[in-house]
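# What the coordinates show
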Amino acid sequence: MRYIFLLLAAGGLAWMATLMATADAKIRKRLYRRLDAKRLADQLHNDSLQKALSDAGFSISAKRFNLFRLLIILTILVTELGSSFITGERSVWPLFMVFLIWFTTTPRPMTLGWFVYTKLKQRRERQKNRELIALIRLHEQNKRGQNLKFDVFLKRVANHFEFLGKELIALSERVTDDGLEDAIRWFTSLFPDHPFAGQIGTILLATEQLPSEEAVPYLEQESHTIARISSDLYAERWNTLSTLALIVNATPSFAMFFLVIALVLYHITSIQNLLF
Amino acid sequence: MIKLDLIRLFIMALPLVGLIWASILIADVQMQKRSVRIGYKLRRRLFTVKYRDYGLIRHLDRLMFLAARHYRPVESAIRFCLFCLLAAAAVFALLATFIPWQRSSALAVILGVGIPYLILRIRHAERGVKASYDLAEVIKLLSRHAHLPVHTALKRTAENLSDRSVLKRPVMVLADAFSSYGSPDELQQEAFRFASTIGTTFATQLVMELIHAERDGSKHLNQSLKFINEAIEGQRNAVLGVKKENQDAIALGIWVNLAVIAILSWSTASFLTWSTFFRLITQTEIGVTLSLAVAGSLVTAFFIGRVLSRPKLDY
């Protein structure tokens, strides 16, 4: 109770001091400008966090995410530290929790948050791969059916793509403005270190000039090749995982061996202590 | 003494459980029959909210689409939210009355919200894996009806799918979307939803082919379906190969660990007698920590084995 009164008195004094200090209209205006909510919120923006969030597929802005993080941390600090201040107990739990929140949400390298963001980014890239494969199939359909020009075709199908839609519209614009070759060079540069994006670029470039009777079998064959590449990638990914999985899955048995040996040793030593 | 305490606990818990039950009933009636009992204004406010605008509802709805037994758009997501809220409140009330503990609110949230959500996620993941295999059946049936308009073909396919197929309802919903869309965007949204519930390359391909067929005629649809089917069968072989590679890890996770633990503890117990063995495990520090470690890693290994034994049919 005493603390509450103390806090109330301090708050009242501070309030009165601000009232007196801002009696002058000029100073008050300056203070309000400095305390403008929008300006304060703008300082929460963070470029690397924004990039990590949008790469991972979250539509939340970095500003809002930071605000949310800050609010949680402040709530934890105020409630925990307030209660420990009143009861007089000291503990490191609130600080540890704050550290944990920072550790799981920051995009800095070698943290848990970084790991999560990279995993989500890889997932999103896999979703984009799906659409790249589908693009080749649609291109083949187009060649077989209406045989539209490449930029018209792109603009027409771009809506069907959930993740690549914007890139495809940009590609279509570039094809009209800069010509096919530059546009496709730009498109493949969007996917660095990609297993088959470069190949897809070459396929698009090669088939654009061909008449449809020749283009269709070529495209069919290439889709088979890409399917095989993806399949190989899948097998490779799982094979690297399988060793790790084997080690992890063998731990319970080893731990049990260890437990039994430790228990027997403990038992023997305790009996020895009893006897001698 | 303990018995008396238990009885008192039971009697005190009874009205609380009754209260919670009654509130669940009221909420249920309100949601299901849109009863007139609660005031008109509140009702109007509840039903004019655009629930789809909220990310949480959309997310839950996406999960429920496969995982719920009786799915209804948006409604089952709201029901799930209500259930979680009530469960958390009930757990909190029980904890607050019987075990005065500082962190009971956190525990209530974990028990009331975390566990149902976890169950929902696990169900969704399991049925998603099953859906990726059922997609092959859908594509095979669809190529039989490929000469028809897309929505009719989808409807026939959904009718012909076996009842055990997870995709029966999603395909039906997709057929409805194809037969009665108001704008291309609407169709697009529904198609994305279908593709993202399965979440494989083949689903994306299928949806794109269908939309393309809807716009430009389904003359070449059969050929594309055949191609997707071929790709699926090829990938199925790759998945089987991977599974063979992982056989050791799967067997370890599912049953070898358990067998090893049983044999070891049996042989140790026959050497030390069971009572000594249990006392050693439960009353010594090293026994407790190591047995907890064994239990934790056993559960992890089991889940890893489960995941490895049924990989998604995808690249």
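Residues numbered from 1 in each chain as written. Chains lettered and ligands numbered in written order. Predicted model: local features only at pLDDT ≥ 70, side-chain atom pairs only at ≥ 80, totals over all residues.

Residues and elements named next belong to chain A. It is the contact of helix 8 (residues 150-157) with helix 9 (residues 165-178), at a shortest axis distance of 9 Å, that shows an interaxial angle of 160°. Regarding the angle of helix 8 to helix 9, the classification is roughly antiparallel. For the pair helix 8 and helix 9, the sense of crossing is left-handed. Counting all contacts with helix 8, which are made through Phe-150, Asp-151, Leu-154 and Lys-155, the residues of helix 9 involved are Leu-168, Ile-169, Leu-171, Ser-172, Val-175 and Thr-176. Considering only residue class, the contact of helix 8 with helix 9 consists of six nonpolar, two polar and two charged. (Axes fitted to C-alpha atoms, helices over the stretch in contact; angles between N-to-C directions. Helix = DSSP H or I, 4+ residues; strand = E, 2+ residues; numbered from the N terminus. Parallel < 35°, antiparallel > 145°, perpendicular 65-115°, else oblique. Left-handed = near helix turned anticlockwise from the far one by under 90°. Contact = placed C-beta atoms within 7 Å. Nonpolar A, V, L, I, M, F, W, Y, C, P; charged D, E, K, R; others polar.)

The subject of this paragraph is the interface of chain A and chain B. On the chain B side, the residues contacting the 42 residues of chain A number 50 residues. Secondary structure elements with two or more residues in the side of chain A that touches chain B: helix 7 (112-144) and helix 12 (212-275) of chain A. A total of 29 residues in the side of chain A that touches chain B trace back to one element, the largest contributor, which is helix 12 of chain A. Along the lines of polarity and charge, the residues of the side of chain A that touches chain B split into 23 nonpolar, 14 polar and five charged.

Residue pairs spaced three or four apart in an α-helix point in one direction, given the helix's 3.6 residues per turn. The first and last C-alpha atoms of helix 7 (residues 168-179) of chain B sit 17 Å apart over twelve residues, in line with the 16 Å expected at 1.5 Å per residue. Considering only its buried residues, helix 7 of chain B is in contact with helix 3 (55-67), helix 5 (104-144), helix 6 (150-160), helix 8 (184-198) and helix 9 (201-216) of chain B. (Expected span 1.5 Å × (residues − 1).)

Residue and element names in this part refer to chain A. Its identity is not glycine, yet Asn-147 carries a phi of approximately 55°, on the positive side. Tracing the backbone through its elements, the reader meets Asn-147 in the loop between helix 7 and helix 8. In this model, Asp-193 sits at a positive phi of 55°, which is unusual for a non-glycine residue. One can find Asp-193 in the loop between helix 10 (180-189) and helix 11 (197-208). Judged by C-beta crowding, with 5 C-beta atoms within 10 Å, Asp-193 ranks as exposed. (Buried ≥ 20, exposed ≤ 12 C-beta atoms within 10 Å, placed from the backbone.)

Here we come to the nonpolar core. Side chains of nonpolar character tend, in soluble globular proteins, to be buried together. Counting 73 residues, the largest nonpolar core has Met-64, Leu-135, Ile-139, Leu-154 and Val-207 of chain B as its most contacted members. Looking at this core, the element that brings in the most residues is helix 9 of chain B, giving eight residues. In this structure Leu-135 of chain B touches Leu-167, Ile-198, Thr-200, Phe-202 and Ala-203 of chain B, once residues within four positions along its chain are discounted. Of all hydrophobic cores here, the second largest spans 17 residues; its members include Ala-245 and Met-256 of chain A together with Phe-277 and Ile-304 of chain B. (Core = buried A, V, L, I, M, F, W, Y, C linked by C-beta atoms within 7 Å.)

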